[in-house]
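Summary of structural features
Residue strings, one per chain:
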Amino acid sequence: MAVTTRQELIEYCLRQLGDPVVEINVDDLQVEDRVDEAIEYWRQYHFDGIERVYLKQQITATRIVITTSVGDQFNLGETITGGTSGATAQITKEAQTPPVEGFVESSGTTLIVRNVNGTFQDGETITGADSGTTAVLDTNAVTLGTYDNKYFDLPDTVYGINRVIPFSGVSSSKNLFDLQYQLRLNDLYDLTSTSIIYFKQVMSHIALLDLELNGHALYRFNRMQGRLFLDVNWETELVLGEYMVVECYRALDPTQWSKIYNEPWLKHYTTALIKRQWAVNIKKFSGIQLPGGVTLDGDSLYNEAMQEINQLEEELIVKSAPLEFFLG
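Residues numbered from 1 in each chain as written. Predicted model: local features only at pLDDT ≥ 70, side-chain atom pairs only at ≥ 80, totals over all residues. Heavy atoms only, no water.

**A few points about the packing of aromatic side chains**
- Counting across every chain of the model gives seven aromatic pairs.
- Measuring from centroid to centroid gives 6.2 Å for Y41 and W265, while their planes differ by 15°, and the two rings are stacked. With Y41 in helix 2 (residues 28-45) and W265 in helix 8 (residues 264-283), this pair connects stretches of sequence that are 224 residues apart.
- Residue classification places Y41 among the buried residues on the basis of a relative accessible area of 18%.
- A ring pair is formed by Y41 and Y269, whose centres lie 5.3 Å apart and whose planes are at 25°; its orientation type is stacked. Linking Y41 in helix 2 with Y269 in helix 8, this pair joins segments that are 228 residues apart in sequence. In this pair, the class of Y41 matches that of Y269, namely buried.
- Through successive ring pairs, a cluster of aromatic residues spans Y41, Y45, W265 and Y269.
- Positioned over the ring face of Y147 is K150, at 4.5 Å from the centre of the ring.
- The ring of Y159 has R223 sitting right over it, with the charged end atom 3.8 Å from the ring centre. (Phe/Tyr/Trp six-rings, centres within 6.5 Å; stacked < 30°, edge-to-face > 60°. Helix = DSSP H or I, 4+ residues; strand = E, 2+ residues; numbered from the N terminus. Buried < 20%, exposed > 50% of the residue type's maximum accessible area, 1.4 Å probe, protein only. Lys NZ or Arg CZ within 6 Å of the ring centre and 35° of its normal.)

**Here we look at the nonpolar core**
- Counting 31 residues, the largest nonpolar core has W265, Y269, I274 and W278 as its most contacted members.
- Sorting the residues of this core by element identifies helix 1 (6-16), helix 2, helix 8 and helix 9 (298-319) as the ones contributing at least two each.
- The element best represented in this core is helix 8, accounting for nine residues.
- Residues in contact with W265, not counting those within four places in the same chain, are Y41, W42, L312, E313, E315 and L316.
- The next biggest cluster of nonpolar side chains, apart from the first, holds 21 residues, and it includes V53, A61, F221 and V246. (Core = buried A, V, L, I, M, F, W, Y, C linked by side-chain atoms within 4.5 Å. Contact = heavy atoms within 4.5 Å.)

**Concerning unusual backbone geometry**
- Between D19 and the following residue, P20, the backbone shows a cis peptide bond with an omega angle of 5°.
- With respect to the helices and strands, the residue P20 is situated in the loop between helix 1 and helix 2.
- Phi is positive for N115, close to 55°, though the residue is something other than glycine.
- Relative to the helices and strands, N115 resides in strand 7 (residues 110-117).
- Accessibility expressed as a relative area gives 30% for N115, which makes it partly exposed.
- Residues other than glycine seldom take positive phi values, yet N140 does so here, at roughly 50°.
- Tracing the backbone shows N140 in strand 9 (residues 134-143).

**Here's the deal with the sheet that holds strand 2 (residues 62-66)**
- The six strands lie next to each other as 2-7-4-3-8-9, forming a closed barrel whose pairing is antiparallel. Put simply, the sheet's adjacent strands are angled 45° from each other on average, direction ignored.
- Alignment of strand 2 against strand 7, held across four bridges, turns out to be antiparallel. Note on strand 7: the bridge partner recorded for V65 is T110. (Pairing = 2+ DSSP bridges. Axes fitted to C-alpha atoms, helices over the stretch in contact; angles between N-to-C directions.)

**Notes on the side chain of E247**
- Relative to the assigned elements, E247 resides in strand 14 (residues 243-251).
- There is a polar contact of 2.3 Å between the side chain of E247 and the side chain of R163.
- E247 has contacts with R52, V53, Y54, I161, N162 and R163, leaving out every residue within four places of it along the chain. (Polar contact = N/O pair within 3.5 Å; in protein donor to acceptor, adjacent residues only side chain to side chain.)

No statement about biological role is implied by the geometric values presented.
Spelled out as structure tokens, the structure:
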């Protein structure tokens, strides 16, 4: 019978240990912990535990909510200052998400700003340096964008980063005046009569020039933080509203892909972990004779469980397919 849910996996493991013929002295919460431990280990080391995905991350401006609808009265590019906190920010605009053209600008009760310096206080009055417009901040008024944070928040399931791809680089072939577009248009119109060797040489040369002159976005990522930092000049190299594409490895979610629960190695490893927990529980009563002359032997059960765990972990490390290097 195929195992398709977490509860079915637990029941399968307990049956493997002798339930219901034998009473398994393990608490339900202990069983849940061992299942979590097994899935986490499977994700980290099994080649089927993670998948390579491309996540888009938008470069967003900071939003400030005010109590009156005077957002459009602030001038683009002017500096606003908090009357109490002394914090400052610059009124800006944000490119809209394609295929919508144009920009999102301050209007109504929402101000689009960047370069936030200091901490604005709820309820304080802000003043525009050029327009002289004043407004009162609402409660929890400031929502920092990725531009001011200088990092992207990634899901906990992201285990590592391969590379960061600027959106403009991905879509450059759509530009009529782009060199790659012209090469494809003029030199690759008919692959049966045009050698692809010349195209390959030119593209390699372009890639070398791009690397030497422009380089690639440097980044830092630590899984425990869950934040992707870009070590670039955010003001000159990035555009508000545009996207960065992150090539990364993300752990599979068993609730979405139920076949995970039926993976043979995972079932055996979970069973071994529960057996070890059972042994740890009864080791405290080792040597005590029960009614009927039965004596608890937690040490032997523990050693048996550890042997199974070690064998399964060694099997996983030896047989797992190697992955490309990633940062995480």
